[in-house]
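Examination of the molecular architecture
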Amino acid sequence: MNIKIVKDYAELSNVAGEIITDLLRENPYCNLGLATGGTPLGTYQYLTARFKAGEFSMRDVRTFNLDEYCGLPRCHPESYHSFMYSNLFAHVDIREENMHIPYTEGCDLQEQCERYNALLDSHRIDLQLLGIGSNGHIGFCEPGTPFDRETFVAQLSEETRRDNQRFFNSFEEVPRTAITMGIGNIMQARRVLLIASGEAKAECINQMINGPVTERVPASVLQNHPDATIIIDAAAASRLTGKAAAQLG
Ligand code: GLP
(Lines give C-alpha, C1' and ligand atoms only; values in the text may rest on other atoms or scores of the structure.)
Protein backbone atom coordinates (compact mmCIF):
# COMPACT_ATOMS: atom_id res chain seq x y z
CA MET A 1 0.00 0.00 0.00
CA ASN A 2 1.20 3.47 -0.84
CA ILE A 3 0.33 5.60 2.21
CA LYS A 4 0.24 9.35 2.08
CA ILE A 5 -0.42 11.42 5.19
CA VAL A 6 -1.61 14.98 4.59
CA LYS A 7 -2.30 17.88 6.94
CA ASP A 8 -6.06 18.15 6.92
CA TYR A 9 -9.31 17.49 5.07
CA ALA A 10 -8.76 20.28 2.54
CA GLU A 11 -5.39 18.87 1.48
CA LEU A 12 -6.81 15.33 1.42
CA SER A 13 -9.57 16.44 -0.96
CA ASN A 14 -7.12 18.26 -3.23
CA VAL A 15 -4.66 15.37 -3.40
CA ALA A 16 -7.39 12.79 -4.11
CA GLY A 17 -9.05 15.15 -6.61
CA GLU A 18 -5.73 15.67 -8.37
CA ILE A 19 -5.16 11.91 -8.77
CA ILE A 20 -8.60 11.53 -10.34
CA THR A 21 -8.10 14.63 -12.53
CA ASP A 22 -4.86 13.13 -13.85
CA LEU A 23 -6.67 9.91 -14.75
CA LEU A 24 -9.52 11.78 -16.50
CA ARG A 25 -7.00 13.77 -18.54
CA GLU A 26 -4.91 10.73 -19.45
CA ASN A 27 -7.86 8.48 -20.25
CA PRO A 28 -11.11 10.27 -21.15
CA TYR A 29 -12.72 6.84 -21.69
CA CYS A 30 -11.92 5.46 -18.24
CA ASN A 31 -14.17 3.46 -15.94
CA LEU A 32 -14.29 5.27 -12.63
CA GLY A 33 -15.52 3.67 -9.40
CA LEU A 34 -17.17 6.18 -7.07
CA ALA A 35 -18.00 6.34 -3.38
CA THR A 36 -20.46 8.24 -1.20
CA GLY A 37 -20.42 9.43 2.42
CA GLY A 38 -19.06 12.63 3.92
CA THR A 39 -15.41 12.01 3.06
CA PRO A 40 -15.50 12.28 -0.77
CA LEU A 41 -17.48 15.55 -0.75
CA GLY A 42 -14.34 17.72 -0.93
CA THR A 43 -12.91 15.50 -3.67
CA TYR A 44 -16.09 15.98 -5.74
CA GLN A 45 -15.93 19.76 -5.17
CA TYR A 46 -12.34 19.75 -6.37
CA LEU A 47 -13.31 17.74 -9.49
CA THR A 48 -16.22 20.09 -10.20
CA ALA A 49 -13.90 23.11 -10.02
CA ARG A 50 -11.36 21.51 -12.35
CA PHE A 51 -14.14 20.54 -14.78
CA LYS A 52 -15.47 24.12 -14.78
CA ALA A 53 -11.96 25.34 -15.49
CA GLY A 54 -12.10 23.21 -18.67
CA GLU A 55 -9.43 20.74 -17.61
CA PHE A 56 -11.25 17.54 -18.54
CA SER A 57 -14.49 16.19 -19.90
CA MET A 58 -16.52 13.30 -18.47
CA ARG A 59 -18.55 12.79 -21.66
CA ASP A 60 -17.05 9.40 -22.35
CA VAL A 61 -16.31 8.35 -18.77
CA ARG A 62 -18.34 5.54 -17.26
CA THR A 63 -18.93 5.63 -13.51
CA PHE A 64 -19.79 2.76 -11.20
CA ASN A 65 -20.90 3.47 -7.65
CA LEU A 66 -20.09 1.13 -4.82
CA ASP A 67 -23.52 0.85 -3.31
CA GLU A 68 -27.10 2.00 -2.81
CA TYR A 69 -29.50 1.73 0.10
CA CYS A 70 -32.51 -0.56 -0.20
CA GLY A 71 -35.91 0.78 0.77
CA LEU A 72 -35.35 4.41 -0.23
CA PRO A 73 -36.80 5.70 -3.48
CA ARG A 74 -34.15 7.04 -5.86
CA CYS A 75 -35.55 10.54 -5.39
CA HIS A 76 -35.09 10.42 -1.58
CA PRO A 77 -32.54 13.11 -0.64
CA GLU A 78 -30.34 10.54 1.14
CA SER A 79 -30.32 7.91 -1.61
CA TYR A 80 -26.89 7.53 -3.18
CA HIS A 81 -28.50 8.39 -6.54
CA SER A 82 -29.46 11.79 -5.10
CA PHE A 83 -26.05 12.17 -3.48
CA MET A 84 -24.22 11.58 -6.76
CA TYR A 85 -26.47 13.96 -8.71
CA SER A 86 -26.18 16.78 -6.18
CA ASN A 87 -22.49 16.45 -5.50
CA LEU A 88 -21.03 15.54 -8.89
CA PHE A 89 -23.19 14.49 -11.81
CA ALA A 90 -25.25 17.70 -11.98
CA HIS A 91 -22.06 19.77 -12.31
CA VAL A 92 -20.14 17.88 -15.01
CA ASP A 93 -20.86 16.68 -18.55
CA ILE A 94 -21.23 12.97 -17.78
CA ARG A 95 -23.96 11.27 -19.83
CA GLU A 96 -26.89 9.68 -18.03
CA GLU A 97 -26.38 6.33 -19.75
CA ASN A 98 -22.82 6.17 -18.45
CA MET A 99 -23.71 6.54 -14.76
CA HIS A 100 -24.14 3.26 -12.94
CA ILE A 101 -25.44 2.90 -9.40
CA PRO A 102 -27.07 -0.29 -8.05
CA TYR A 103 -30.82 -0.05 -8.55
CA THR A 104 -32.95 -0.97 -5.53
CA GLU A 105 -36.36 0.61 -6.02
CA GLY A 106 -39.35 -1.73 -6.30
CA CYS A 107 -37.45 -4.57 -7.95
CA ASP A 108 -36.05 -8.03 -7.41
CA LEU A 109 -32.87 -7.23 -5.45
CA GLN A 110 -31.18 -10.51 -6.27
CA GLU A 111 -31.70 -9.93 -9.97
CA GLN A 112 -30.29 -6.40 -9.63
CA CYS A 113 -27.18 -7.77 -7.89
CA GLU A 114 -26.65 -10.16 -10.79
CA ARG A 115 -27.09 -7.38 -13.34
CA TYR A 116 -24.71 -5.05 -11.56
CA ASN A 117 -22.17 -7.80 -11.18
CA ALA A 118 -22.37 -8.64 -14.89
CA LEU A 119 -21.79 -4.95 -15.65
CA LEU A 120 -18.70 -4.93 -13.44
CA ASP A 121 -17.44 -8.11 -15.09
CA SER A 122 -17.63 -6.45 -18.50
CA HIS A 123 -16.20 -3.05 -17.46
CA ARG A 124 -13.03 -3.31 -15.44
CA ILE A 125 -12.69 -0.30 -13.17
CA ASP A 126 -9.55 1.78 -13.76
CA LEU A 127 -9.68 3.53 -10.41
CA GLN A 128 -12.00 2.83 -7.50
CA LEU A 129 -12.45 5.61 -4.94
CA LEU A 130 -13.20 4.33 -1.43
CA GLY A 131 -14.04 5.74 1.97
CA ILE A 132 -13.93 3.60 5.09
CA GLY A 133 -16.48 2.95 7.83
CA SER A 134 -15.40 3.32 11.46
CA ASN A 135 -15.59 -0.49 11.74
CA GLY A 136 -13.34 -0.93 8.70
CA HIS A 137 -16.07 -1.54 6.12
CA ILE A 138 -15.62 -0.60 2.47
CA GLY A 139 -18.66 -0.05 0.25
CA PHE A 140 -21.18 -1.71 2.56
CA CYS A 141 -19.05 -4.82 3.03
CA GLU A 142 -19.29 -5.13 6.78
CA PRO A 143 -16.88 -7.07 9.05
CA GLY A 144 -17.18 -10.79 8.31
CA THR A 145 -17.86 -10.36 4.58
CA PRO A 146 -15.92 -13.05 2.71
CA PHE A 147 -13.12 -11.54 0.61
CA ASP A 148 -14.33 -13.29 -2.56
CA ARG A 149 -17.90 -11.93 -2.27
CA GLU A 150 -19.34 -10.28 -5.39
CA THR A 151 -22.27 -7.81 -5.58
CA PHE A 152 -24.79 -8.70 -2.86
CA VAL A 153 -27.53 -7.44 -0.54
CA ALA A 154 -25.73 -6.44 2.65
CA GLN A 155 -27.22 -6.18 6.13
CA LEU A 156 -25.92 -2.97 7.68
CA SER A 157 -24.45 -3.32 11.15
CA GLU A 158 -25.86 -1.30 14.02
CA GLU A 159 -22.58 0.64 14.20
CA THR A 160 -22.81 1.63 10.52
CA ARG A 161 -26.44 2.64 10.90
CA ARG A 162 -25.51 4.77 13.93
CA ASP A 163 -22.67 6.41 11.96
CA ASN A 164 -25.04 7.21 9.11
CA GLN A 165 -27.89 8.38 11.36
CA ARG A 166 -26.59 11.96 11.02
CA PHE A 167 -27.99 12.05 7.49
CA PHE A 168 -31.51 11.01 8.58
CA ASN A 169 -34.12 12.29 11.05
CA SER A 170 -33.86 9.24 13.31
CA PHE A 171 -32.03 5.93 13.74
CA GLU A 172 -35.19 4.08 12.67
CA GLU A 173 -35.12 5.82 9.29
CA VAL A 174 -31.62 4.57 8.43
CA PRO A 175 -32.03 1.69 5.97
CA ARG A 176 -31.11 -1.79 7.19
CA THR A 177 -29.92 -3.19 3.89
CA ALA A 178 -28.12 -2.06 0.76
CA ILE A 179 -26.84 -3.46 -2.52
CA THR A 180 -23.08 -3.21 -2.54
CA MET A 181 -20.17 -4.27 -4.70
CA GLY A 182 -18.45 -7.15 -2.94
CA ILE A 183 -14.82 -7.18 -1.91
CA GLY A 184 -14.20 -9.51 -4.86
CA ASN A 185 -15.35 -6.74 -7.23
CA ILE A 186 -13.41 -4.00 -5.44
CA MET A 187 -10.20 -6.05 -5.63
CA GLN A 188 -10.62 -6.35 -9.43
CA ALA A 189 -10.12 -2.59 -9.90
CA ARG A 190 -6.80 -1.69 -11.50
CA ARG A 191 -6.16 0.93 -8.81
CA VAL A 192 -7.88 1.76 -5.56
CA LEU A 193 -7.74 5.09 -3.79
CA LEU A 194 -8.96 5.09 -0.19
CA ILE A 195 -9.46 8.38 1.65
CA ALA A 196 -10.06 8.87 5.38
CA SER A 197 -10.28 11.93 7.56
CA GLY A 198 -10.72 12.58 11.27
CA GLU A 199 -10.06 10.99 14.62
CA ALA A 200 -13.08 8.65 14.36
CA LYS A 201 -11.25 6.73 11.61
CA ALA A 202 -7.86 6.56 13.37
CA GLU A 203 -8.33 3.13 14.95
CA CYS A 204 -9.62 1.35 11.84
CA ILE A 205 -6.93 3.02 9.71
CA ASN A 206 -4.23 1.60 11.96
CA GLN A 207 -5.83 -1.86 11.82
CA MET A 208 -6.15 -1.65 8.04
CA ILE A 209 -2.48 -0.75 7.60
CA ASN A 210 -0.73 -2.56 10.45
CA GLY A 211 -3.13 -5.30 11.48
CA PRO A 212 -3.52 -8.76 9.99
CA VAL A 213 -5.40 -9.20 6.71
CA THR A 214 -8.68 -10.41 8.14
CA GLU A 215 -12.35 -10.44 7.20
CA ARG A 216 -12.97 -8.82 10.60
CA VAL A 217 -11.48 -5.60 9.12
CA PRO A 218 -12.69 -5.60 5.50
CA ALA A 219 -10.35 -2.78 4.38
CA SER A 220 -7.31 -4.83 5.48
CA VAL A 221 -7.75 -6.78 2.22
CA LEU A 222 -6.22 -3.76 0.47
CA GLN A 223 -2.83 -4.88 1.82
CA ASN A 224 -3.12 -7.54 -0.92
CA HIS A 225 -4.09 -5.13 -3.72
CA PRO A 226 -1.28 -4.52 -6.24
CA ASP A 227 -1.99 -0.78 -6.61
CA ALA A 228 -3.64 0.73 -3.52
CA THR A 229 -3.10 4.34 -2.47
CA ILE A 230 -4.30 5.42 0.97
CA ILE A 231 -4.60 9.14 1.69
CA ILE A 232 -5.25 10.10 5.30
CA ASP A 233 -5.16 13.33 7.19
CA ALA A 234 -3.18 13.81 10.39
CA ALA A 235 -6.22 13.11 12.61
CA ALA A 236 -6.97 9.81 10.85
CA ALA A 237 -3.27 8.94 11.11
CA SER A 238 -3.06 9.77 14.81
CA ARG A 239 -3.10 6.15 16.01
CA LEU A 240 -0.74 4.77 13.39
CA THR A 241 2.03 2.56 14.65
CA GLY A 242 4.94 1.03 12.76
CA LYS A 243 6.66 2.19 9.58
CA ALA A 244 3.81 4.36 8.23
CA ALA A 245 3.83 6.40 11.47
CA ALA A 246 7.29 7.73 10.58
CA GLN A 247 5.59 10.03 8.04
CA LEU A 248 3.89 11.81 10.94
CA GLY A 249 7.18 13.53 11.76
C1 GLP B 1 -21.05 4.51 4.06
C2 GLP B 1 -20.65 4.15 2.64
C3 GLP B 1 -19.15 3.90 2.54
C4 GLP B 1 -18.40 5.03 3.20
C5 GLP B 1 -18.76 5.09 4.66
C6 GLP B 1 -18.01 6.16 5.44
O7 GLP B 1 -21.22 3.42 4.86
N8 GLP B 1 -21.34 3.01 2.14
O9 GLP B 1 -18.80 3.77 1.17
O10 GLP B 1 -17.01 4.85 3.06
O11 GLP B 1 -20.15 5.38 4.72
O12 GLP B 1 -18.63 7.40 5.28
P13 GLP B 1 -18.08 8.79 5.75
O14 GLP B 1 -17.15 9.22 4.68
O15 GLP B 1 -19.30 9.64 5.83
O16 GLP B 1 -17.41 8.59 7.06
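Structure: see above.
What comes next concerns the included structure.

Rules and cut-offs
Residues numbered from 1 in each chain as written. Predicted model: local features only at pLDDT ≥ 70, side-chain atom pairs only at ≥ 80, totals over all residues. Heavy atoms only, no water. Pairing = 2+ DSSP bridges. Helix = DSSP H or I, 4+ residues; strand = E, 2+ residues; numbered from the N terminus. Axes fitted to C-alpha atoms, helices over the stretch in contact; angles between N-to-C directions. Contact = heavy atoms within 4.5 Å. Buried < 20%, exposed > 50% of the residue type's maximum accessible area, 1.4 Å probe, protein only. Core = buried A, V, L, I, M, F, W, Y, C linked by side-chain atoms within 4.5 Å. Polar contact = N/O pair within 3.5 Å; in protein donor to acceptor, adjacent residues only side chain to side chain. Near = heavy atom within 4 Å. Areas by Shrake-Rupley, 256 points an atom, 1.4 Å probe, with all protein chains shown as cover. Phe/Tyr/Trp six-rings, centres within 6.5 Å; stacked < 30°, edge-to-face > 60°.

Quick word on the sheet that holds strand 3 (residues 62-65)
The parallel open sheet is built from seven strands, whose spatial order is 1-10-9-6-2-3-5. Among the strands making up the open sheet, the edge pair consists of strand 1 (2-6) and strand 5 (99-100).

Some remarks on the sheet that holds strand 7 (residues 152-155)
With antiparallel pairing, three strands are arranged side by side in an open sheet as 4-8-7. A single partner strand is all that each edge strand has here, and the edge strands are strand 4 (67-69) and strand 7. Direction aside, neighbouring strands of the sheet carry axes that sit 30° apart on average. Across four bridges, the pairing between strand 7 and strand 8 (residues 177-180) is antiparallel. The residue bridging Phe152 from the neighbouring strand is Thr180, located in strand 8. In the packing of helix 4 (residues 109-122) onto the sheet, the strands contacted are strand 7 and strand 8, and the crossing angle to strand 7 comes to about 120°.

Comments concerning the pairing of strand 10 (residues 228-233)
Consecutive side chains of a regular strand alternate in pointing toward one face of the sheet and then the other. Here strand 10 lies mainly inside the structure; six of its six residues are buried. Residues Ala228, Ile230 and Ile232 line one face of strand 10 and the alternating positions Thr229, Ile231 and Asp233 line the opposite face, and both faces are buried. Pairing of strand 1 with strand 10, which is carried by five bridges, proceeds in the parallel orientation. What sits directly across from Asn2, in strand 10, is Thr229. Pairing geometry for strand 9 (residues 191-196) and strand 10, over five bridges, is parallel. Along strand 10, the bridge assignment pairs Val192 with Ala228.

Looking at the nonpolar core
Counting residues in hydrophobic clusters, the biggest one holds 73 residues, and the most contacted among them are Leu24, Leu32, Leu194, Ile205, Ile232 and Leu240. Sorting elements by how many residues they give to this core places helix 1 (residues 9-26) first, with six residues. Leave out the neighbours within four places in its chain, and Leu32 touches Ile20, Leu23, Leu24, Met58, Val61, Arg62, Thr63, Phe64, Ile125 and Leu127.

Some points on the side chain of His123
Inspection of the secondary structure puts His123 in the loop between helix 4 and strand 6 (127-130). A relative accessible area of 19% places His123 in the buried class. A distance of 3.2 Å separates polar atoms of two side chains, one belonging to His123 and the other to Ser122.

Topic: the site of the ligand
Among the 14 residues in the neighbourhood of the ligand, the closest are listed as Gly38, Thr39, Asp67, Arg166 and Lys201. Asp67 is positioned such that a nitrogen or oxygen atom in its side chain is 2.8 Å from a nitrogen atom of the ligand. Notes on the ligand: free accessible area 390 Å², of which the protein chains cover 95%.

With respect to the side chain of Thr214
With respect to the helices and strands, Thr214 occurs in the loop between helix 7 (202-210) and strand 10. Thr214 sits in the buried class, given a relative accessible area of 12%. Only 3.0 Å separates the side chain of Thr214 from the backbone nitrogen of Arg216, close enough to count as a polar contact. Ignoring sequence-local partners within four residues, the contact set of Thr214 consists of Phe147 and Ser220.

Side note on the packing of aromatic side chains
For the structure on display, the rule yields seven aromatic pairs. Ring geometry for Tyr69 and Phe140: centres 5.6 Å apart, planes at 40°, overall tilted. Highlighted residues: Tyr69 in strand 4 and Phe140 in the loop between strand 6 and strand 7, separated in sequence by 71 residues. The same class applies to Tyr69 as to Phe140, namely buried. Ring geometry for Tyr69 against Phe168: centres 5.8 Å apart, planes inclined by 80°, an arrangement best described as edge-to-face. Here Phe168 lies in the loop between helix 5 (158-164) and strand 8 and Tyr69 lies in strand 4, a separation of 99 residues in the sequence.

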